[in-house]
Amino acid sequence: MRNYYIQKKTVEYFENEYNRLVNLLKSAPDWITPAEAVQNTLQRCLGVAEFTQPLGLDYGLAESLMDEQRERCYKLINGA
């Protein structure tokens, strides 16, 4: 049960970060470039993924979540 809860909260955090990035890029601020915004999002997600692994999140799952998040975020700025 604990591992499921950690997994669920990690996925929720990644989704929230993605949604915040989408909103940030829509408003097109002049104080950050889109590439910097994506890197900041990915760094925060990586921190959460690393933090949750000792708590029970499987490394393979964390890696796949990060890969998926990376692809989604880069698609926002590359227009793919």
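Structure: above.
What you are looking at is a predicted structure, and each value in this text was computed from that prediction instead of being measured.

Enquirer: Looking at this model, I keep getting lost on the pattern of salt bridges. Mind explaining?
Expert: Opposite charge on two side chains permits them to pair, given that their charged atoms come into close proximity. Tallied over the full model, the rule gives six salt bridges. Between Lys9 and Glu12 there is a salt bridge, with the nearest N and O atoms lying 3.3 Å from each other. Of this pair, Lys9 and Glu12 both sit in helix α1 (residues 2-27), three residues apart, which is roughly one turn of that helix. Classification of Glu12 as partly exposed rests on a relative accessible area of 31%. Across the pair Arg70 and Asp67 runs a salt bridge, and its minimum N-O distance is 2.8 Å. With Arg70 and Asp67 both in helix α3 (residues 59-78) and three residues apart, the pair spans about one turn of that helix.

Definitions and cut-offs
Residues numbered from 1 in each chain as written. Predicted model: local features only at pLDDT ≥ 70, side-chain atom pairs only at ≥ 80, totals over all residues. Heavy atoms only, no water. Salt bridge = Lys/Arg side-chain N within 4 Å of Asp/Glu carboxyl O. Helix = DSSP H or I, 4+ residues; strand = E, 2+ residues; numbered from the N terminus. Buried < 20%, exposed > 50% of the residue type's maximum accessible area, 1.4 Å probe, protein only.

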